[in-house]
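Understanding the architecture of this molecule
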Amino acid sequence: MDLKGFDQPGSAAAGDTRSVKVMIAGGFGTGKTTMVRSVSDIKPLTTEETLTQASADVDHLIGVADKAETTVSLDFGKISINDSLVLYLFGTPGQERFWFLWNGLFKGALGAVVLVDTRRLASSFRAIEEMERQNVPFVVALNVFPDSRDYPVEEIRDALDISPHTPVVACDARDRTSSRDVLVALIRHLKERSAVALESR
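This write-up is about the structure you can find in this document. In this text the structure is predicted, and so the values were computed from the model without any measurement.

Calculation rules
- Residues numbered from 1 in each chain as written.
- Predicted model: local features only at pLDDT ≥ 70, side-chain atom pairs only at ≥ 80, totals over all residues.
- Heavy atoms only, no water.
- Helix = DSSP H or I, 4+ residues; strand = E, 2+ residues; numbered from the N terminus.
- Buried < 20%, exposed > 50% of the residue type's maximum accessible area, 1.4 Å probe, protein only.
- Areas by Shrake-Rupley, 256 points an atom, 1.4 Å probe, with all protein chains shown as cover.
- Pairing = 2+ DSSP bridges.
- Axes fitted to C-alpha atoms, helices over the stretch in contact; angles between N-to-C directions.
- Expected span 1.5 Å × (residues − 1).
- Phe/Tyr/Trp six-rings, centres within 6.5 Å; stacked < 30°, edge-to-face > 60°.
- Lys NZ or Arg CZ within 6 Å of the ring centre and 35° of its normal.

In terms of helices and strands, the protein chain carries five helices and eight strands. Shown N-terminal to C-terminal, the secondary structure of the protein chain runs as helices and strands in the order β-α-β-β-β-β-α-β-α-β-α-β-α. A total of 201 residues make up the protein chain; the buried ones form 48% of that total. Carbon and sulfur atoms make up 51% of the accessible area of the protein chain, which totals about 10,500 Å².

This is the structure we're talking about:
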């Protein structure tokens with residue numbers, strides 16, 4: 001898809017609004033539902049269920065012991081980036097036992113945000129592997145929690161073993177402006193990839 005002009009307000013013809021499917025992925029408890037809720041222009045659809053003692057041995061709660069609910073299917077929201085571009089946001093479930101849903105969710109996605117909790121980097125390894133396996137362009141968003149340590153970006157990049165061309169940005173998933181900035185970074189990344197692909201033809 002040609003992304004030229006997507007971040008230029010009013011660049012599309014009158015009534016010419018483009019819709020793009022974007023995934024919000026990451027490990028268990030990294031803030032996916034929080035991001036969708038904070039940034040969506042509409043009341044988001046969520047499929048959260050209460051965590052019970054029965055899941056204690058299945059869902060690893062280290063670092064997220066206060067988490068009371070979890071997504072069991074998907075989260076859905078929508079945000080208008082500008083007059084010509086609307087993003088439909090699909091948040092993935094984070095627990096391993098729901099990963100079988102990912103294949104269907106990623107169908108038709110133009111790009112993705114992988115949310116990372118720097119206190120628990122390993123929780124997002126699977127999401128990054130899935131992006132690479134399905135060839136979905138993505139940005140890594142470091143969700144800053146109150147007790148998160150401030151690591152240099154290159155250390156995070158090395159620890160996650162991601163390409164130097166993959167953007168890594170910090171964010172607060174609770175904050176609408178911060179979450180929107182992550183989505184704008186993704187759109188810019190997609191545009192740059194599109195430009196490189198066109199030049200190589």
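Back to the write-up after that little detour.
Moving on to the sheet that holds strand β7 (residues 138-143). Spatial strand order, β4-β5-β1-β6-β7-β8: six strands in an open sheet with mixed pairing. Among the strands making up the open sheet, the edge pair consists of β4 (75-82) and β8 (168-171). Each strand of the sheet is rotated relative to its neighbour by a mean of 30 degrees, with strand direction disregarded. As defined by bridge partners, strand β1 (residues 18-26) adjoins strand β5 (residues 85-91) across seven bridges and the pair is classed as parallel. Within β5, the position partnered with valine 20 by the bridge is leucine 87.

Moving on: the environment of valine 20. If you trace the backbone, valine 20 turns up in strand β1. Residues valine 20 and glycine 111, 91 residues apart in the sequence, show an inter-C-alpha distance of 8.6 Å.

Moving on, we come to helix α5 (residues 176-199). The end-to-end C-alpha separation of α5 is 35 Å, in line with the 34 Å expected for 24 residues at 1.5 Å each. Listed in full, the buried residues belonging to α5 are Ser178, Ser179, Val182, Leu183, Val184, Ala185, Leu186, Ile187, His189, Leu190 and Ser194.

So, about the packing of aromatic side chains. In this structure the tally under the stated criterion is two aromatic pairs. Seen in terms of ring centroids, phenylalanine 76 and tyrosine 88 are 6.0 Å apart; in terms of plane orientation they differ by 10 degrees. Their pairing is stacked. Taken as a pair, phenylalanine 76 in strand β4 and tyrosine 88 in strand β5 lie far apart in primary sequence, 12 residues in all. Here tyrosine 88 falls in the partly exposed class, since its relative accessible area comes to 29%. With a centroid separation of 5.1 Å and an interplanar angle of 65 degrees, the aromatic rings of phenylalanine 76 and phenylalanine 90 are classed as edge-to-face. Residue phenylalanine 76 is located in strand β4, and its partner phenylalanine 90 is located in strand β5; the two are separated by 14 residues in the primary sequence. Taking the relative accessible area as the measure of exposure, phenylalanine 90 reaches 18% and is therefore buried. Grouped by ring-pair contacts, the aromatic residues Phe76, Tyr88 and Phe90 constitute a single cluster. Looking at lysine 21, its charged tip hangs above the ring of phenylalanine 90, at a distance of 4.7 Å from the centre. Taking NZ or CZ as reference, arginine 119 lies 4.2 Å from the ring centre of phenylalanine 145, over its face.

Everything listed here is a matter of coordinates, which is why it stays silent on function.
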